[in-house]
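# Observations on chain architecture
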Amino acid sequence: MSGVSIDLNADLGEGFGRWTLTDDERLLSVVTSANVACGFHAGDAVTMRRVCELAAERGVRIGAQVSYRDLAGFGRRAMDVPPAELAAEVAYQIGALEVFARAAGSRVAYVKPHGALYNRVVRDAEQAAAVVDGVLLAGGALPVLGLPGSRLHEAAERAGLPVVAEAFGDRAYRADGSLLPRGQEGAVVHDPDAVVERSVRLVRAGTVAAHCGTAVAVRARSLCLHGDTPGAVELARRVRAGLESAGVTVGAFA
């Protein structure tokens, strides 16, 4: 099979004030799209500005990683937010990042939910519609990055927004194609060789072995490389090298 291409995205800017979590500068030498925290689960104005400048210098696409308002829980705690409020908060986050992206000579090129919101909009049609309303409120037909077959993508398509399917080389899948919750054993794949092998298989064959052992079809245009795991930079480099060795072209979708 020839002509296979994939975008590599990573969650970046996930610090706050004096605390840093992701090695933004080195990861930006590997990925082609940067999901930048917009201040609700992590990130602040200075961090957003710095990451946007670094991304623009390297030609990396800038994406708004929107979240529930949950700094203490890193956006990974389940929350019930009224749809109108969630839509406004999504638009607020996109708008904040757009200021710094444009100042750096770039723009916000897509939107991706984070953490609990990401998982919620896989199945919750109301919350998914609220996220899409927030994207529309922010202006522009921004692509929405998320899990294939999610309620989020259904809502985005109805609204006329482009959708981009995402896969994860370092996360365990359930047989239905959803991600195994982080609280369950084996939810995160730590072995670098396994992550590389799974990533190549996801991109080349469009399948991944579920946690139960069955093969799951996952057709994606972007592969997520988590930036908050130990050794994230070296793992990202190995994944990219493995993909390119397998004949995969690595390039941004947006």
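In what follows, the structure referred to is the one given above.
Thresholds applied
- Residues numbered from 1 in each chain as written.
- Predicted model: local features only at pLDDT ≥ 70, side-chain atom pairs only at ≥ 80, totals over all residues.
- Heavy atoms only, no water.
- 1 Å grid on protein atoms, 1.4 Å probe; cavity = no way out; pocket = protein on both sides within 12 Å on 5 of 7 lines; lining within 4 Å.
- Points joined across faces, edges and corners; volume = space filled by probe spheres on them.
- Helix = DSSP H or I, 4+ residues; strand = E, 2+ residues; numbered from the N terminus.
- Phe/Tyr/Trp six-rings, centres within 6.5 Å; stacked < 30°, edge-to-face > 60°.
- Lys NZ or Arg CZ within 6 Å of the ring centre and 35° of its normal.
- Contact = heavy atoms within 4.5 Å.
- Disulfide = S-S within 2.5 Å.
- Core = buried A, V, L, I, M, F, W, Y, C linked by side-chain atoms within 4.5 Å.
- Buried < 20%, exposed > 50% of the residue type's maximum accessible area, 1.4 Å probe, protein only.
- Axes fitted to C-alpha atoms, helices over the stretch in contact; angles between N-to-C directions.
- Left-handed = near helix turned anticlockwise from the far one by under 90°.
- Nonpolar A, V, L, I, M, F, W, Y, C, P; charged D, E, K, R; others polar.

It is worth spelling out empty space enclosed by the protein at this point. On inspection of all chains with the given rule, the structure shows 2 cavities of 30 Å³ or more. Roughly 50 Å³ of volume is contained in the largest cavity. Contributing to the lining of the largest cavity are Asp170, Val195, Leu225, His226, Thr229, Ala232, Leu235, Ala236 and Val239. A total of 4 residues in the lining of the largest cavity trace back to one element, the largest contributor, which is helix α8 (residues 232–245).

Overall, the coordinates contain 3 aromatic pairs when judged by the stated rule. Relative to Tyr92, the ring of Phe40 lies with its centre 5.9 Å away and its plane at 45 degrees, an arrangement referred to as tilted. Remark: Tyr92 occurs in helix α3 (residues 83–103) and Phe40 occurs in the loop between β2 (33–37) and α2 (45–58); sequence separation between them is 52 residues. Residues Tyr118 and Phe168 carry aromatic rings whose centres are separated by 5.9 Å and whose planes lie at 90 degrees to one another, so their mutual orientation is edge-to-face. Taken together, the residues span a long stretch of sequence, with Tyr118 in helix α4 (residues 115–123) and Phe168 in strand β6 (residues 163–168) at a distance of 50 residues. A cation over an aromatic ring shows up here: Arg18 above the ring of Trp19, its NZ or CZ 5.6 Å from the ring centre.

A few words now on the side chain of Asn35. Topologically, Asn35 is positioned in strand β2. Aside from chain neighbours lying at most four places away, what touches Asn35 is Asn9, Ala10, Asp11, Leu12, Gly63, Gln65, Tyr110, Lys112 and Leu145.

Throughout the structure, instances matching the rule amount to 0 disulfides. Cys38 provides the cysteine sulfur closest to Cys224, a residue in no disulfide bond, and the two sulfurs are 15 Å apart.

If you look at the biggest cluster of nonpolar residues, it comprises 72 residues, and the most contacted ones within it are Ile94, Leu97, Leu223 and Leu243. Of all the elements, α3 adds the most residues to this core, at 6 residues. Discounting residues that sit within four places of it in the chain, Ile94 has contacts with Ala64, Val66, Val108, Val111, Gly134, Val135, Ala138 and Leu142.

Within the secondary structure, Arg201 sits in helix α7 (residues 192–205). Of the residues examined, Arg201 reaches a relative accessible area of 29% and is grouped as partly exposed. Measuring from C-alpha to C-alpha, the distance between Arg201 and Ala215 comes to 11 Å, with 14 residues separating the pair along the chain.

All right, on to the packing of α4 against helix α5 (residues 125–138) then. For the pair α4 and α5, the least separation of the axes is 6 Å and the interaxial angle reads 115 degrees. Along this stretch, α4 crosses α5, giving a crossing that reads as left-handed. Between α4 and α5, the contacting residues are Leu117, Arg120, Val121 and Arg123 on the first element and Ala125, Gln127, Ala128 and Val131 on the second. Taken together, the residues of the contact of α4 with α5 break down into 5 nonpolar, 1 polar and 2 charged.

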